[in-house]
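# Structure at a glance
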Amino acid sequence: MTEKAVAEMTFEEAMAALEAVVTALEKGDVPLDDSIRLYERGSALKAHCAQKLKDAEDKVELIRAAEGRATGTVTAEGL
């Protein structure tokens, strides 16, 4: 069975795949070459998830702006 391309994954699929990668790497019983391949896939999955989250945040900001509501976020540490 071939792995689904990261770019074709939903956020939820990518998160589940990332969790599987982390679990496999944490076990420590994966051969070195496979560990490198898993690490590369995990890195791509992490970037994909981050982009999906940013896209969702951008959409929410557009909706809020269209409604005339305040936009932007401030972290709790910044208050």
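Heads up: the structure comes first, above all this text.
Residues numbered from 1 in each chain as written. Predicted model: local features only at pLDDT ≥ 70, side-chain atom pairs only at ≥ 80, totals over all residues. Heavy atoms only, no water.

## Points about the nonpolar core
Looking at soluble globular proteins, one finds that nonpolar side chains tend to be buried together. In terms of nonpolar packing, the biggest core is built from nine residues, these being V6, M9, A14, A17, L18, V21, L38, L45 and C49. Of all elements in the fold, only α1 (11-27) and α2 (32-66) reach the threshold of two or more residues within this core. Considering every element that reaches this core, the biggest residue donor is α1, with four residues. Contacts of A14, omitting those with residues within four sequence positions, involve M9, L45, H48 and C49. (Core = buried A, V, L, I, M, F, W, Y, C linked by side-chain atoms within 4.5 Å. Buried < 20%, exposed > 50% of the residue type's maximum accessible area, 1.4 Å probe, protein only. Helix = DSSP H or I, 4+ residues; strand = E, 2+ residues; numbered from the N terminus. Contact = heavy atoms within 4.5 Å.)

## Side note on the pattern of salt bridges
In the structure shown here, the tally under the stated rule is four salt bridges. For the salt bridge of K4 with E13, the shortest nitrogen-to-oxygen distance reads 3.1 Å. Between K54 and D58 there is a salt bridge, and its shortest N-O distance comes to 3.0 Å. Taken as a pair, K54 and D58 lie in helix α2 at a separation of four residues, close to a single helical turn. Judged by its relative accessible area of 43%, K54 falls in the partly exposed class. A relative accessible area of 35% means that D58 is categorised as partly exposed. (Salt bridge = Lys/Arg side-chain N within 4 Å of Asp/Glu carboxyl O.)

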